[in-house]
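Single-letter residue listing:
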Amino acid sequence: MALPANDAFSLGLAHDQPRRSSSRSRTPSLPRRSSTPPTNISMAGAKRAHKLRASSMRDSHYSSASMGSLSDAPTLDELVEEVDAQVVPREAKKQSRARNGSASSTSRHRKHPEKKDNKIDFEIPRKALHSSIGFLTLYLWTSDGSRDHVVMALSSALAVLIPVDILRLRYPSFERAFEKCVGIFMRDSERRTSNGVIWYMIGVNTVLVTLPLDIAVVSVAILSWADTAASTFGRLYGQFTPRLPARLPILGLPLASRKSLAGFIAAAITGAAVAVGFWSFVAPLREQSSELSWTWEGGVGGTFADSGSKMFSGWTGIATIGIVTGLVTAVAEALDLGSVDDNLSLPIITGGCLWGLFKVLGWLGGVFS
């Protein structure tokens, strides 16, 4: 039996309405945003992402509402607005938190400014002690001090310092106690290696035992003052001068490239001044002047000269001694000998070269006399 049109229309409404409501009830919820911090993208990229998400949501509406009317499904623009309504407040909250965090960190920084590093440069007391040995050496020379007494005193000190240094390197508790007492005189590089004072005493003892006394005194004075001058002027003016080459020209000796030309020149001038000042003014003050390797009037002493030649006396001799001593001092101070401490190498090299210089001068004086 055919139904009236009005009844069919009413049945259609009654039949279609539950489907539309059920399709809307099964609309998938929007995916939650990840907790990871968002990356910085452009506005165009954000709009494209919203449109893609809205398009996927619209497709799901279409698939679920296949029996309903397409005109009742939300449009793409409506879905984009719905996504923006959920995303924009979250972005605003995160930006507000970021601004609050930066403001709080800035306020904490203002309340508690960073403390400046007021580390004390302990190189000053170290170099002061280093330089004082030179004055003590000159005092022993002018007061007719005994070489044997100095050697005995240094040997006794070494007999105590070497076992102490071994204990310091092997036992951390002893190391802490040792550094509390004399740590200001140690470099950071010496805290895990042998103390430089030990090598200092060994170098001084070596030249006192093996070389003539006046050459040994000059070698110790050069160790005391030239090393200090090179370090001081290298720190002050090394940034304005070039670094030393890896090899010494002509001779090819290895040089420490970390050292500067300013320190090299300072060591050369100091070494020359020590040699010239000692043999010109300080050496004659000792009563036992017969032990001198060079004198102003007589030139090279009898220990090195076979005859009484005065070829290298006066200005000729002292200028030659000063120039050679300055160059030898600068090169010896700048040498890179690996793990060999310069407190050991500097006095031995300068003393040995001075001894060789007087030998050559004495030989030349005998040849041309």
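First things first, this report covers the structure right here in the doc. (Residues numbered from 1 in each chain as written. Predicted model: local features only at pLDDT ≥ 70, side-chain atom pairs only at ≥ 80, totals over all residues. Heavy atoms only, no water.)

### Quick look at the pattern of salt bridges
Proximity of charged atoms lets side chains of opposite charge pair with each other. Scanning the entire structure with this criterion turns up three salt bridges. For the salt bridge of Arg286 with Asp144, the shortest nitrogen-to-oxygen distance reads 4.0 Å. With Arg286 in the loop between α9 (261–282) and β1 (294–295) and Asp144 in the loop between α4 (123–142) and α5 (147–170), this pair connects stretches of sequence that are 142 residues apart. Overall, Arg286 belongs to the buried group, its relative accessible area being 6%. Between Lys259 and Glu333 there is a salt bridge, with the nearest N and O atoms lying 3.3 Å from each other. Of this pair, Lys259 sits in the loop between α8 (213–237) and α9 while Glu333 sits in helix α10 (residues 314–334), and the two are 74 residues apart along the sequence. The exposure classification of Lys259 matches that of Glu333, with both residues buried. (Salt bridge = Lys/Arg side-chain N within 4 Å of Asp/Glu carboxyl O. Helix = DSSP H or I, 4+ residues; strand = E, 2+ residues; numbered from the N terminus. Buried < 20%, exposed > 50% of the residue type's maximum accessible area, 1.4 Å probe, protein only.)

### A short note on the nonpolar core
Among the nonpolar cores identified, the biggest contains 42 residues, and Trp141, Phe278, Trp279, Ile321 and Phe358 are the most heavily contacted of them. Listing elements by their share of this core, those giving two or more residues are α5, α7 (196–210), α8, α9, α10 and α11 (342–367). Looking at this core, the element that brings in the most residues is α8, giving eleven residues. Aside from chain neighbours lying at most four places away, what touches Trp279 is Asp214, Ile215, Val218, Pro284, Ser293, Trp294, Ile318, Ile321, Leu354 and Phe358. Core analysis: the next-biggest nonpolar cluster, separate from the first, contains eleven residues, Ala230, Phe264, Ala330 and Leu335 among them. (Core = buried A, V, L, I, M, F, W, Y, C linked by side-chain atoms within 4.5 Å. Contact = heavy atoms within 4.5 Å.)

### Some remarks on the packing of α8 against α10
It is at 11 Å that the axes of α8 and α10 come closest, and there the two elements cross at 65°. Viewed along their axes, α8 and α10 adopt a mutual orientation that is roughly perpendicular. When you trace α8 past α10, the crossing you get is right-handed. Packed against α8, whose contacting residues are Ile222, Ala226, Asp227 and Ala230, the element α10 presents Thr325, Thr329 and Glu333 at the interface. Broken down by class, the residue content of the contact of α8 with α10 amounts to three nonpolar, two polar and two charged. (Axes fitted to C-alpha atoms, helices over the stretch in contact; angles between N-to-C directions. Parallel < 35°, antiparallel > 145°, perpendicular 65-115°, else oblique. Left-handed = near helix turned anticlockwise from the far one by under 90°. Nonpolar A, V, L, I, M, F, W, Y, C, P; charged D, E, K, R; others polar.)

### Some points on the environment of Ser132
Tracing the backbone shows Ser132 in helix α4. For the pair formed by Ser132 and Trp225, sequence separation is 93 residues and the distance between their alpha carbons is 8.8 Å.

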